[in-house]
Amino acid sequence: MQIIEVTGYAVRSAVITMRRTGTPLEFVIFPMLHVASPTFYSQVRVRLRECDLIVIEGIRGRSLGVSALTLAYRFAPRRRRNGLQEQREAMLLPEAVPVINPDVTAAEAIADLKSLPRWTYVMLMVAAPVMGLVFALRGPRAFLDEDLVVEDLPSTLRAEMRADGPVEHALSDRRDQRLLDALGEILAERGAEPLRVAIVYGAGHVPAIVSGLWERHGYRPREAEWLTVLVPT
């Protein structure tokens, strides 16, 4: 199943609705990119208004290490000619819909990264701002890269190696577990209600979300809607 599609002319994100027979509560997954066109975020906001609860990604608290990592996507929107925007809750979340954030703290995120070999950790911190500068200079066309494709099951050896690499595990494992635990609690407490629960998380987390809801609770993807993330000019 495709989650983020990259073609020669556009990047698209698949909004996935998951349901379980006999349960009125449904989960709607919004695979996000931290940098996109303003139109993409507007489209997500419109659809979030139709949801009853939003579960959103966002490392809580601050640290120099987390700030260094986010430089990878904070540079590109600063060049106005790129026509890109950084994802921000203020422009994304409708006021009337309650929001919960089960994500890790900054201290927990950095602790997971420091479990990597020291040289890997140092290189990661150095590479993030460099990647941000490259994205800023290349503009939207930098996003037309096959490495940005996300699928529930990696379709190439390169994608499989990235998905199973130690850096990816350090960045995602604890956060995915925390999210799935929170979704399980929502289902246990409110599964009998006809709710639309939005999951607004980075696209890289979505394979774990889909497989976790399937394996733990029997939810399956039933619908998908493509949203255009950006169209380079």
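Look above for the structure.
Computed from a prediction, not measured in an experiment: that's the story for all the values here.

How each quantity is defined
- Residues numbered from 1 in each chain as written.
- Predicted model: local features only at pLDDT ≥ 70, side-chain atom pairs only at ≥ 80, totals over all residues.
- Heavy atoms only, no water.
- Helix = DSSP H or I, 4+ residues; strand = E, 2+ residues; numbered from the N terminus.
- Buried < 20%, exposed > 50% of the residue type's maximum accessible area, 1.4 Å probe, protein only.
- Contact = heavy atoms within 4.5 Å.
- Areas by Shrake-Rupley, 256 points an atom, 1.4 Å probe, with all protein chains shown as cover.
- Expected span 1.5 Å × (residues − 1).
- Bend = angle between axes of the 7 residues up to and from the residue.
- Salt bridge = Lys/Arg side-chain N within 4 Å of Asp/Glu carboxyl O.
- Pairing = 2+ DSSP bridges.
- Core = buried A, V, L, I, M, F, W, Y, C linked by side-chain atoms within 4.5 Å.

Visitor: Can you break down the overall build of the chain residue by residue, with the values?
Guide: Regarding its fold elements, the chain presents 8 helices and 10 strands. With 233 residues in all, the chain has 46% of them scored as buried. A fraction of 81% describes how many contacts in the chain between residues 6 or more apart in sequence connect residues 24 or more apart. For the chain, the computed accessible surface area is about 12,200 Å², with 55% contributed by carbon and sulfur atoms.

Visitor: Please give an account of helix α7 (residues 166-190) that cites residues and values.
Guide: Look at α7: 36 Å from first C-alpha to last across 25 residues, which is about the 36 Å you get at 1.5 Å a residue. A bend of about 40 degrees at S172 is the largest found in α7. Listed as buried for α7 are A170, S172, R175, D176, L179, L180, A182, L183, G184, I186 and L187.

Visitor: Could you give an account of the pattern of salt bridges, with specific residues and numbers?
Guide: Within this structure, the stated rule accounts for 13 salt bridges. Here E57 makes a salt bridge to R175, at a shortest N to O gap of 2.9 Å. Remark: R175 occurs in helix α7 and E57 occurs in the loop between β5 (53-56) and α2 (64-74); sequence separation between them is 118 residues. Judged by relative accessible area, which is 12%, E57 ranks as buried. The exposure class of R175 is buried, given its relative accessible area of 11%. When salt bridges with common partners are traced through the structure, they connect R19, E26, R196 and E223 into a single cluster.

Visitor: So what about the pairing of strand β2 (residues 11-20)? Which residues, and what values?
Guide: Among the 10 residues of β2, 7 are classified as buried, and the element is accordingly described as predominantly covered. Pairing between strand β1 (residues 2-6) and β2: 3 bridges, direction antiparallel. Residue pairing across strands places V6 opposite V11, the latter belonging to β2. From the end of β1 to the start of β2, which pair antiparallel, there are 4 residues. When β2 meets strand β10 (residues 220-230), the two strands line up antiparallel, connected through 9 bridges. Note that in β10 the partner of I16 across the bridge is A224. Inspection of the sheet shows β2 paired to strand β3 (residues 23-32) by 4 bridges, in the antiparallel sense. Looking at β3, one finds that R20 is bridged to T23. The hairpin turn running from β2 into β3, its antiparallel successor, is 2 residues long, and G22 in that turn takes a positive phi close to 85 degrees.

Visitor: Quick one: what's the story with the nonpolar core, residue by residue and with numbers?
Guide: Formed by 51 residues in total, the largest nonpolar core has its most connected members in F30, L48, L183, I199 and V200. A total of 6 residues in this core trace back to one element, the largest contributor, which is β3. Dropping the residues within four chain positions of it, L183 is found in contact with F27, V55, I199, I209 and L213. Residues V66, L113, L116 and Y121 belong to the second largest nonpolar core, which totals 9 residues.

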